[in-house]
Number of protein chains: 2
Amino acid sequence: MSVSVCAERPCSIASEKGIKLSTSYLHWRVTMKVFYYLLPACNGEITTMSFLQDIVDILLQYVVKSFDRTTKVIDFHYPNELLQEYNWELADQPQTLEEILLNCRTTLKYAIKTGHPRYFNQLSTGLDMVGLAADWLTSAANTNMFTYEIAPVFVLLEYVTLRKMREMVGWPGGCGDGIFSPGGAISNMYAMLIARFKMFPEVKEKGMAAIPRLVAFTSEHSHFSVKKGAAALGIGTDSVILIRCDERGKMIPSDLERRILEAKQKGFVPFLVSATAGTTVYGAFDPLIAIADICKKYKIWMHVDGAWGGGLLMSRKHKWKLNGVERANSVTWNPHKMMGVPLQCSALLVREEGLMQSCNQMHASYLFQQDKHYDLSYDTGDKALQCGRHVDVFKLWLMWRAKGTTGFEAQIDKCLELAEYLYNKIKNREGYEMVFDGKPQHTNVCFWYIPPSLRSMEDNEERMSRLMKVAPVIKARMMEYGTTMVSYQPLGDKVNFFRMVISNPAATHQDIDFLIDEIERLGQDL
Amino acid sequence: MSVSVCAERPCSIASEKGIKLSTSYLHWRVTMKVFYYLLPACNGEITTMSFLQDIVDILLQYVVKSFDRTTKVIDFHYPNELLQEYNWELADQPQTLEEILLNCRTTLKYAIKTGHPRYFNQLSTGLDMVGLAADWLTSAANTNMFTYEIAPVFVLLEYVTLRKMREMVGWPGGCGDGIFSPGGAISNMYAMLIARFKMFPEVKEKGMAAIPRLVAFTSEHSHFSVKKGAAALGIGTDSVILIRCDERGKMIPSDLERRILEAKQKGFVPFLVSATAGTTVYGAFDPLIAIADICKKYKIWMHVDGAWGGGLLMSRKHKWKLNGVERANSVTWNPHKMMGVPLQCSALLVREEGLMQSCNQMHASYLFQQDKHYDLSYDTGDKALQCGRHVDVFKLWLMWRAKGTTGFEAQIDKCLELAEYLYNKIKNREGYEMVFDGKPQHTNVCFWYIPPSLRSMEDNEERMSRLMKVAPVIKARMMEYGTTMVSYQPLGDKVNFFRMVISNPAATHQDIDFLIDEIERLGQDL
């Protein structure tokens, strides 16, 4: 069997090469129904390869455009416009191959170019080419992580990669346990689930009714998934006690200890402290060593939510910000954020081996047969909350091979350097106020843009209520022009401010300059 | 900007076309480090497109081989062999482009060809070409489902697709709610979470301590995820009451009612019945109408786990097996199973709109800003348990466009017809015993192969203990030869039997014949 794609296909490449195709063949291509001619249809190879090659041409064009600063980040349309502009409905009858290609082009036309160097909107930005290739391979392999039987290589790569990540956390020899889960929120939920089980294993069979009232602690700047997990796990959001932060958004250890004692006095059982390494808005790193001391003193499970900040472990220059993480019982680390791995790729690392398995296993005999012919310790599916589990590891593994740890380090250091450049540029610039003082610890730079009309106003309620509206209007204009995107939000008593984050190695100093110019262009009349 | 891939690239296609490339360029290609030359690197377009095209060539070859019956389903190696045969470790330094391509080839060499027409091992088999294309596009778009802001098209497609699925369930006008979740286990967990919240909304803040002892009901043949969910949600596995099944694996409604009354008498509060439409092993459909009557009578949330059987709603010939599903409060339906959508694609459908949102929302102000410039009802992220959520809808949506409902119907009908062919072929064949009598309702065909040495033995313990070993040995041999794969398991007092399932439209009558011949070839000496 030989695979020769171009020779028979009437695609752009063929015509570039001057290959002439018969009109009847082209007509057949246009009108045929996809369903009947692609693999597994008999003799479907050529049509299939031609079709997939057409798709790849569309995608390559999109990828190249994503990095082109002369194209828009987004061609924004309101939901009702998008619904009207195109027929997205599902019908009884099949479409033609050409219609399917058109669907793909249309979908990409209105998509956000998340790899664009001026897309700063989320913690996950950028588009890594090796990661993309790995994701394409993952799709073609189309398998499930529950057993070695059906995912031999991926199961081994998960083993190798998780061990390496635990090494970087600082656990001797990379020992411990872990899993790739569908996102940081689920990883954090795993940590809570395992911490509860460790303290009260009977909860698995008997439920919360059989155990004392639990309480968990996390900072007021922590991610909302801690509360979401507590709600789901039957612990209740009221049992998540929010610890005060300093002005930089770091948990105050003395407040943590005070609240632990208070809870114990009320008869509650503290079972988890979720510290944050890289908060969502400020990019703050909680003081992990002090928190570890407190957790040790009161025998509480220490979880570190490093979904955003975990990537800094790859950088010799910045990893000190996570000092103490090696004392955690569990760590969330999302390579799909700071390391630029395509979505989704989130790891939950656990120091004690075997606990996840005891906590979650249900011994389904149709999957985890005990009389298989290979080493069953590689059937890792029963430690998951999920049954089927998507292969998320390959992207990270292949990127790591391609860049090496030093490559990740270089790209992370570059993003942090850009954040510092932005901070230095605006900290004393007219029309800017920083939300908190001092150099950013992560790539989060939080600031207000003050339009000229507000600059000489007194700091009163009217100013606040006008300032509150500035960021949303600028953001809406950014999206309508499609030139750049950056997030904003209120926080506590602080009205809407911009939260700039940089996780895309495609960004440059010029892109930071552009962002500032654009904010001023779009906001000066407000 | 123009995208002309082939012209400059030294890949197989170029050489097929007789394009000559300079030796120095080729040498540069071989030795360069990926990291420094691919996009977003300056002038990285050509290298990137060449690299991605090389990957696509590797993948196309794999795809075509997957459907080729002369290639193995699997090139089996034991875990320690695979670990020794190749260096999978992660290092400080980057690899070259050629090494990355080799990594990909090696990964695929040892992968299971899940699209192979003789791979019958799991409920998710096959490799759909439009689904694959759609997954590649999803990877290139690399975004997150939480807001319209960053996934405008995908959010609308989720809306359109979920509404269509609810229509097929039979809810008037497709009204209701839903979400694509990371697999059936999580979809079932959502149902349990929402059912609990509907009855006791205070559980969100106060936890299980504030509400009565709950009990859930599901059949003894149901999927283990119901228990897994109960363990995670703090309900406890002891509070999942397993209802007896008839000999076909269908829940017995009278036993359900009896156990509900019993639980109520003990002071427990029944809050959920999880009926199964298509059990994992037998493929049984619980009697949904009778179960709906009982749920109505006792005011209990009725969930239907149609992860496996939901696909039959696409078939006019088979959808009667789910009669009564329209009375459910929630339905799990995994298009990645019977509909052949690439992994992962699982939907949870909920009849009451808004409940998911109230149950799960945490109002994170950094994501779900209330002063955005578009209709906020499209920011659906806060109804999820996850924060970031992978785009799973596009594969299903594009496949639906390509096949139409009638295309899905044809492919599902074909798989069911094949299962019936297998059943008819072996029900009276020498050396086979069916695990249950009667025509299969789904594509599950459960049977023992009885080797000649056991055929004349009395039905005693020794026979049982020898029969128990037959399926595992045949399966191990199948994997070592790599010719086919089918699952086996014990169930209750029944020793290991084969569970044949067909969800791959690539399979034919000849593949069924091949499976039977292969079982006999590999098992006759046992």
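Residues numbered from 1 in each chain as written. Chains lettered and ligands numbered in written order. Predicted model: local features only at pLDDT ≥ 70, side-chain atom pairs only at ≥ 80, totals over all residues. Heavy atoms only, no water.

1. Observations regarding the environment of Lys414(A)
All names here are of chain A. Applicable threshold: A run of H or I in DSSP counts as a helix once it spans at least four residues, and a run of E counts as a strand once it spans at least two, with each numbered from the N terminus. Here's how the labels work: a residue is buried when its accessible area is under 20% of the maximum for its type, exposed when over 50%, partly exposed in between, all with a 1.4 Å probe on protein chains only. Contacts described as polar in this section are N or O atom pairs within 3.5 Å, which, within protein, must combine one atom able to donate a hydrogen with one able to accept it, while residues neighboring in sequence count only if both atoms come from side chains.
Mapped onto the secondary structure, Lys-414 falls in helix α15 (residues 393-426). According to the relative accessible area criterion, Lys-414 is partly exposed, its value standing at 32%. On a C-alpha basis, the gap between Lys-414 and Ala-507 in space is 9.1 Å, while along the polypeptide they are 93 residues apart. At a separation of 2.6 Å, a polar atom in the side chain of Lys-414 contacts the main-chain carbonyl oxygen of Pro-505.

2. Overview of the UniProt feature "modified residue: N6-(pyridoxal phosphate)lysine" (unreviewed entry) in chain A
Residues and elements named next belong to chain A. Quick note on the threshold: UniProt positions are given in the numbering used here, feature names are shortened, and annotations may be inferred rather than shown by experiment. Note on definitions: a residue-residue contact is assigned when non-hydrogen atoms from the two residues lie within 4.5 Å.
In the numbering adopted here, UniProt assigns the feature "modified residue: N6-(pyridoxal phosphate)lysine" (unreviewed entry) to Lys-337. On the secondary structure map, Lys-337 appears in the loop between β7 (330-333) and β8 (346-350). Residue class for Lys-337 comes out buried when judged on its relative accessible area of 15%. Each residue touching Lys-337, except ones within four places of it in the same chain, is listed here: Leu-123, Ser-124, Ala-307, Trp-308 and Ser-503.

3. Remarks on the interface of chain A and chain B
The following threshold applies: Once two parts are joined, some of their accessible surface, as seen by a 1.4 Å probe, is lost; buried area is that loss totalled over both. Definition used for salt bridges: Asp or Glu carboxyl oxygen within 4 Å of a side-chain nitrogen of Lys or Arg.
Opposite the 170 residues of chain A that make contact, chain B presents 170 residues. In this assembly, chain A packs against chain B so that about 14800 Å² is buried in total across both faces, 67% of it on carbon and sulfur atoms. Between Asp382(A) and Lys228(B) there is a salt bridge; the shortest N-O distance is 3.2 Å. Counting the contacts that link chain A with chain B gives 76 residue pairs in polar contact (both at pLDDT 80 or more).

4. Topic: the environment of Gln361(B)
Residues and elements named next belong to chain B. By secondary structure assignment, the location of Gln-361 is in the loop between α14 (355-360) and α15 (393-426). In this structure, the C-alpha to C-alpha distance between Gln-361 and Gly-381, residues 20 residues apart in sequence, is 8.5 Å. In this structure Gln-361 touches Lys-204, Met-356 and Asp-382, once residues within four positions along its chain are discounted.

5. Re the relation of the copies chain A and chain B
Put simply, the rule is: To line up the copies, we fit them by least squares on C-alpha atoms, keeping just the residues with pLDDT of at least 70 in both.
By a simple turn and slide, chain A fits onto chain B: the slide is 0.0 Å along the axis, the RMSD is 0.0 Å, and the turn is 180°. The relationship between the two copies is best expressed as a two-fold rotation axis. Minimal C-alpha distance to the rotation axis in chain A is attained by Leu233(A), lying at 2.0 Å. In this assembly the copies share their binding face: 99% of the residues contributing to the interface of chain A also contribute to that of chain B.

6. Comments concerning the packing of aromatic side chains
Cut-off, in case you're wondering: Pairing of aromatic rings covers Phe, Tyr and the six-membered ring of Trp, with a centre-to-centre limit of 6.5 Å; geometry is then stacked below 30 degrees between planes, edge-to-face above 60, and tilted otherwise. Charge-over-ring contacts are defined here by two conditions on Lys NZ or Arg CZ: a distance within 6 Å of the ring centre and an angle within 35 degrees of the ring normal.
Tallying each qualifying case throughout the model produces 37 aromatic pairs over all chains. Relative to Trp88(B), the ring of Trp397(A) lies with its centre 6.0 Å away and its plane at 50°, an arrangement referred to as tilted. In this pair, Trp397(A) sits in helix α15 while Trp88(B) sits in the loop between α5 (79-85) and α6 (97-109), so the two residues belong to two different chains. Given a relative accessible area of 2%, Trp88(B) falls into the buried group. Here a set of aromatic residues connected by ring pairs shows up, and it is made of Phe76(A), Tyr78(A), Tyr148(B), Tyr159(B), Tyr374(B) and Tyr378(B). Taking NZ or CZ as reference, Arg118(B) lies 3.9 Å from the ring centre of Phe514(B), over its face.

7. Quick look at the pattern of salt bridges
Side-chain pairs of opposite charge can arise where the charged atoms are in close proximity. As enumerated under the stated definition, the model contains 58 salt bridges over all chains in all. Ionic pairing is found between Glu89(B) and Arg163(A), a salt bridge with its closest N-O pair at 2.9 Å. Of this pair, Glu89(B) sits in the loop between α5 and α6 while Arg163(A) sits in helix α8 (residues 152-169), on two different chains. For Glu89(B), a relative accessible area of 37% puts it in the partly exposed group. A salt bridge links Glu158(B) to Arg389(B); the shortest N-O distance between them is 2.9 Å. Of this pair, Glu158(B) sits in helix α8 (residues 152-169) while Arg389(B) sits in the loop between α14 and α15, and the two are 231 residues apart along the sequence. Residue Glu158(B) is classed as buried on the basis of its relative accessible area of 6%.

8. Describing unusual backbone geometry
For the bond from Leu39(A) to Pro40(A), the omega torsion is 10°, close enough to zero to count as cis. Inspection of the secondary structure puts Pro40(A) in the loop between α3 (34-37) and α4 (45-66). The phi dihedral of His363(A) falls on the positive side, at around 55°, and the residue is not glycine. On the secondary structure map, His363(A) appears in the loop between α14 (355-360) and α15. A positive phi angle, near 60°, is found at Asn43(B), a position not held by glycine. Turning to its location among the elements, Asn43(B) is positioned in the loop between α3 (34-37) and α4 (45-66).

9. Topic: the pairing of strand β3 (residues 214-219) of chain B
All names here are of chain B. Formally: A pair of strands is treated as paired once DSSP finds two or more bridges between them. Seen with its strands pointing away from the viewer, a crossover is right-handed if its path from the first strand over the helix to the second goes clockwise.
Most of β3 is tucked away: six of the six residues are buried. In β3, alternate side chains face the same way, and those of Leu-214, Ala-216 and Thr-218 on one face and Val-215, Phe-217 and Ser-219 on the other are all buried. Two elements, β3 and strand β5 (residues 269-276), share five bridges in a ladder whose sense is parallel. Opposite Val-215, over in β5, you have Pro-270 as the bridge partner. Two strands pair when backbone bridges link them, and β3 and strand β4 (residues 240-243) are joined in this way by four bridges, in the parallel orientation. Its bridge partner being in β4, Ser-219 is matched across the sheet by Ile-243. After leaving β3, the chain enters helix α11 (residues 225-232) and then returns to the sheet as β4, a path that is right-handed.

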